[in-house]
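Chains, contacts and geometry: an overview
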Amino acid sequence: DICNGKRSDESGPTIEISGIENGWTTGRDSSGNPLKATVTIEDSYGLKENTTVEYVWTKNISNLDSLVYQTKSFTNSREDVKTELSFKVDYPQNENDYWYLVVKPGPDGLRDLNGNYSDSNPIQAGPIKLDNTKPVITNLVNSKDGVWTNQPVTVSGTISDAHSGVKKIYYSYKSDGTNKTAFGTSQITSGGNGPFNVSNTWSTNINESIYVIGEDSVGNKTAVMPIGKIMLDVVKPTCSVVLTGTKGDNDWYKDSAVTVKLDKSDAYSDIVSYGLSTNTTATYNSTASGTQGDTPSVTWYGYVKDSAGNTQACSKTFKVDITKPTCTISKSGTSGSNGWYRSKVALTLNSDDKLSG
């Protein structure tokens, strides 16, 4: 029925809360500003002047009457009728766990212009899930910290998070944690609290300090944690036996003793032991040069070892004849006087050589 063109109003104002995040958050946006919930008071017929509500964030909703509320007062008037009023409430900052926003009418109740009161019971929204605690990394192990090795090096650790869960654990070669790489051979499922045991193994040449950083699902990061150095050298050193002397025919060295020298190098961990000798077994005598005289055949061996334990051997076989051959001429015939022969003279060349022949 219609009566004098008026509509019946029997409901009081309503309170609604919006802007409540569903997932875990730090309570701040990407720029570091507090996130905000919005409280809206609404009545289609208009709100009573000087509307007042009370609100509070709480982790415990078991006894809402015992909470200490803050007051939000508006200066709306009857002349400037407001059907909707709203205000924003910062999320709790630097807090953890589950939080609820509770809103209730002010001390004088919440009424519309027709005198209808709203429900006097507090309303609640949430929870929002706050995480401002860094994840925890423990049990960091470097299998060969600061020691040259030619065996694979493994770095491992354990990460856990009490709230939003682990996102990743990273390693970096930079002390500031930049240029980081996800740790381990598989990705950690975001949101799991752990602890997760992770490891990574290096098997190629590297000489780097290494650092570890953990991150949870909302971006809280651990400090950059040093875990020593990885010093891995899997490449053998190089060596060669070099001869210096005068070459004659048929690959013989002649005229003087041959100088024998060991050339050696290592691209990574450097040479720590070396030797030069005629021994067929590895001999690290710290000798890098020698000389060789007459010999029908000899093999000189070079041996080198780097700091990681990689070894290399080299050799050179050669022959030396620095002794000139001998030769004499004998003659036969009928001798006369004063060194003269009175017959034909037969000349014979007698030669000898003990080495090259």
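A brief report on the enclosed structure follows. (Residues numbered from 1 in each chain as written. Predicted model: local features only at pLDDT ≥ 70, side-chain atom pairs only at ≥ 80, totals over all residues. Heavy atoms only, no water.)

Turning our eyes to something else, we now look at the overall build of the protein. The helix and strand inventory of the protein stands at zero helices and 23 strands. The C-alpha radius of gyration computed for the protein amounts to 47 Å, which surpasses the reference 21 Å derived for 357 residues by more than 25%, pointing to a less compact arrangement than a globule. Seen through its C-alpha atoms, the protein measures out along the principal axes to roughly 180 × 35 × 30 Å. Counting the 357 residues in the protein, one finds 36% classified as buried. Contacts in the protein between residues far apart in sequence, at least 24 positions, make up 66% of those at least 6 positions apart. Of the roughly 20300 Å² of accessible surface on the protein, a fraction of 44% belongs to carbon and sulfur atoms. With 34 positive and 39 negative side-chain charges, the protein shows a separation of 17 Å between the mean positions of the two kinds. (Helix = DSSP H or I, 4+ residues; strand = E, 2+ residues; numbered from the N terminus. Rg over C-alpha atoms; globule rule 2.2 N^0.38 Å. Buried < 20%, exposed > 50% of the residue type's maximum accessible area, 1.4 Å probe, protein only. Contact = heavy atoms within 4.5 Å. Areas by Shrake-Rupley, 256 points an atom, 1.4 Å probe, with all protein chains shown as cover. Lys, Arg positive; Asp, Glu negative; His and termini not counted. Charge placed at Lys NZ, Arg CZ, Asp CG, Glu CD.)

Moving on, we come to unusual backbone geometry. A cis amide bond links Gly-126 with the next residue in sequence, Pro-127, at an omega value of 10°. Counting through the fold element by element, Pro-127 comes out in strand E8 (residues 123-130). Even without glycine at this site, Asp-251 takes up a positive phi of about 65°. Mapped onto the elements of the fold, Asp-251 is located in the loop between strand E16 (238-247) and strand E17 (252-265). Classification of Asp-251 as exposed rests on a relative accessible area of 53%.

Here we take up the state of the cysteines. Working definition: the covalent bond between the sulfur atoms of two cysteines is a disulfide. Going through the model one piece at a time under the given rule, you end up with one disulfide. Each sulfur in the disulfide pair Cys-239 and Cys-314 lies 2.3 Å from the other. In this structure the cystine formed by Cys-239 and Cys-314 twists about its S-S bond by roughly -135°; its chirality is therefore left-handed. Taken together, the positions of Cys-239 in strand E16 and Cys-314 in strand E21 (residues 311-321) put the pair 75 residues apart, joining distant regions of the chain. (Disulfide = S-S within 2.5 Å.)

So, on to the pattern of salt bridges. Taken as a whole, this structure holds eleven salt bridges when the rule is applied. Here Asp-263 ties to Lys-261 by a salt bridge, and the two come within 4.0 Å at their closest N and O atoms. Judged by relative accessible area, Asp-263 falls into the partly exposed class, the value being 32%. Judged by relative accessible area, Lys-261 falls into the partly exposed class, the value being 45%. Among the ionic contacts, a cluster of salt bridges with common partners joins Lys-48, Glu-49 and Arg-78. (Salt bridge = Lys/Arg side-chain N within 4 Å of Asp/Glu carboxyl O.)

This part covers the pairing of E17. Looking at chain direction, E16 and E17 are connected through nine bridges and run antiparallel. Bridged to Thr-246 within E17 is Lys-254. Here E16 folds back onto E17, and the loop between the two strands holds four residues, one of which, Asn-250, carries a positive phi near 55°. Note: E17 against E21, three bridges, orientation parallel. The residue of E21 that forms the bridge with Tyr-253 is Val-320. (Pairing = 2+ DSSP bridges.)

Within the secondary structure layout, Ser-269 lies in the loop between E17 and strand E18 (271-277). Polar contacts involving the side chain of Ser-269 include one to the side chain of Asp-233, which spans 2.7 Å. Not counting residues up to four positions away in its chain, the partners in contact with Ser-269 are Trp-148, Asp-233, Asp-306, Ser-307 and Ala-308. (Polar contact = N/O pair within 3.5 Å; in protein donor to acceptor, adjacent residues only side chain to side chain.)

With that out of the way, let us pick up the sheet that holds strand E1 (residues 14-18). Read from one edge of the open sheet, three strands run E1-E3-E6, paired in antiparallel fashion. Each having just a single partner strand, E1 and strand E6 (84-90) make up the two edges of the open sheet. Pairs of neighbouring strands in the sheet enclose a mean axial angle of 20°, with direction left out of account. Relative to E6, strand E3 (residues 36-42) is paired through seven bridges, and the arrangement is antiparallel. Its bridge partner being in E6, Ile-41 is matched across the sheet by Leu-85. (Axes fitted to C-alpha atoms, helices over the stretch in contact; angles between N-to-C directions.)

This next bit is on the nonpolar core. Judged by nonpolar contacts, the single largest core of 22 residues is most densely connected at Val-39, Ile-41, Trp-57, Phe-87, Leu-101 and Val-103. Contributions of two or more residues to this core are made by E1, E3, strand E4 (52-58), E6, strand E7 (97-105) and E8. Once residues lying within four places of it in the same chain are set aside, the contact partners of Ile-41 are Pro-13, Thr-14, Ile-15, Leu-47, Val-53, Phe-74, Thr-83, Glu-84, Leu-85, Phe-87 and Leu-110. By size, the runner-up hydrophobic cluster in this structure holds 16 residues, among which are Ile-137, Ile-159, Ile-169 and Trp-202. (Core = buried A, V, L, I, M, F, W, Y, C linked by side-chain atoms within 4.5 Å.)

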